[in-house]
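Each chain is listed here by its residues.
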Amino acid sequence: MKQILKLSSFLLLAALIVSGCNSKSGNEEPLDVKFGYVGDLFKFKDAYVGNSSAVGNIVSRLESAEQFKGFELKTDEKPYGIILNYSVEESEQDYKGIVIYNTTFLFTLIQNADWITFNFANEEYTITKEKLQNWYGGDFTGMQSEDEVKTFIQKHLDDENKVKQLFN
């Protein structure tokens, strides 16, 4: 009888372990073709450039995430920076929109990032936090939600002359 009880307990435990490994948590985030993974980007608020996991998670949720190919973190000495590599082959205006959108989110979420370089298939852009703040007309890093940041960005992207100013 003891052997049957031990065997039953073992089988029950094994079944629980196996079923636990196959269950879904329900927390999977849906993929949005344009903006990467939809989810709460602000769970990464106050990350640091040296946290490659946070940087990777943020970038994988931003514009053109499906064409993101990798990144480098420059943390040996200040100013700290991030190099992002994309296989995007878009128009110059599309590149600029991606740069503005993604740098705004990255500078908002990563507190010690000073500059970000974007390497596209045939263009390279480097934006500093100071230059972007000057372009916006002030500090934008205090925003607390994705919707707030998206609305703020869109308001500035609608003015083509203003966009050109950032890249001159």
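Anyway, here's the lowdown on the structure attached to this text. On a predicted model such as this, the values are computed, not experimentally measured, just so you know.

**Regarding helix α4 (residues 129-136)**
Line of reasoning, step 1. Of the residues making up α4, those classed as buried are Lys129, Leu132, Trp135 and Tyr136. Projected down its long axis, α4 shows its buried positions confined to an angular sector of 125 degrees, all on one face. For α4, exposure combined with an orientation more than 90 degrees from the buried face picks out Glu130 and Asn134.
Line of reasoning, step 2. Lining the buried residues of α4 we find α3 (92-109), β6 (124-128), α5 (146-157) and α6 (160-166).

**Focus on the environment of glutamine 154**
Line of reasoning, step 1. Examined against the element boundaries, glutamine 154 turns out to sit in helix α5.
Line of reasoning, step 2. Each C-alpha atom of the pair glutamine 154 and tyrosine 101 lies 8.5 Å from the other, and the pair is 53 residues apart in sequence.
Line of reasoning, step 3. Side chain to side chain, glutamine 154 and aspartate 158 meet in a polar contact 2.8 Å long.

**Topic: helix α2 (residues 52-59)**
Line of reasoning, step 1. Every buried residue of α2 is listed here: Ala54, Val55, Gly56, Ile58 and Val59.
Line of reasoning, step 2. Buried positions along α2 lie against β3 (68-74), β4 (81-86) and α3.

**Brief notes about the side chain of lysine 129**
Line of reasoning, step 1. Among the secondary structure elements, lysine 129 is positioned in helix α4.
Line of reasoning, step 2. Buried charge lysine 129 goes without a salt bridge, the closest partner of opposite sign being aspartate 139 at 6.1 Å.
Line of reasoning, step 3. The contact partners of lysine 129, leaving out residues within four places of it in the chain, are Phe107, Ile110, Gln111, Ala113, Asp114 and Thr141.

**A word on the pairing of strand β5 (residues 115-119)**
Line of reasoning, step 1. Burial within β5 is extensive, with 5 of its 5 residues counted as buried.
Line of reasoning, step 2. By the alternation rule, side chains of β5 split into Trp115, Thr117 and Asn119 and Ile116 and Phe118, which are all buried.
Line of reasoning, step 3. Where β4 and β5 come together, 5 bridges link them in parallel fashion. Pairing of leucine 84 across the sheet is with phenylalanine 118, part of β5.
Line of reasoning, step 4. Each parallel crossover has a hand, and for β4 linked through α3 to β5 it is right-handed.
Line of reasoning, step 5. Of the strand pairs in this sheet, β5 and β6 are connected by 5 bridges, and their pairing is antiparallel. Counterpart to tryptophan 115 in the pairing with β6 is threonine 128.
Line of reasoning, step 6. Linking β5 back to β6 in an antiparallel pair, the connection comprises 4 residues.

Conventions used here
- Residues numbered from 1 in each chain as written.
- Predicted model: local features only at pLDDT ≥ 70, side-chain atom pairs only at ≥ 80, totals over all residues.
- Heavy atoms only, no water.
- Buried < 20%, exposed > 50% of the residue type's maximum accessible area, 1.4 Å probe, protein only.
- Helix = DSSP H or I, 4+ residues; strand = E, 2+ residues; numbered from the N terminus.
- Arc of directions from axis to C-beta.
- Contact = heavy atoms within 4.5 Å.
- Polar contact = N/O pair within 3.5 Å; in protein donor to acceptor, adjacent residues only side chain to side chain.
- Lys, Arg positive; Asp, Glu negative; His and termini not counted.
- Salt bridge = Lys/Arg side-chain N within 4 Å of Asp/Glu carboxyl O.
- Pairing = 2+ DSSP bridges.
- Right-handed = clockwise from strand over helix to strand, strands pointing away.

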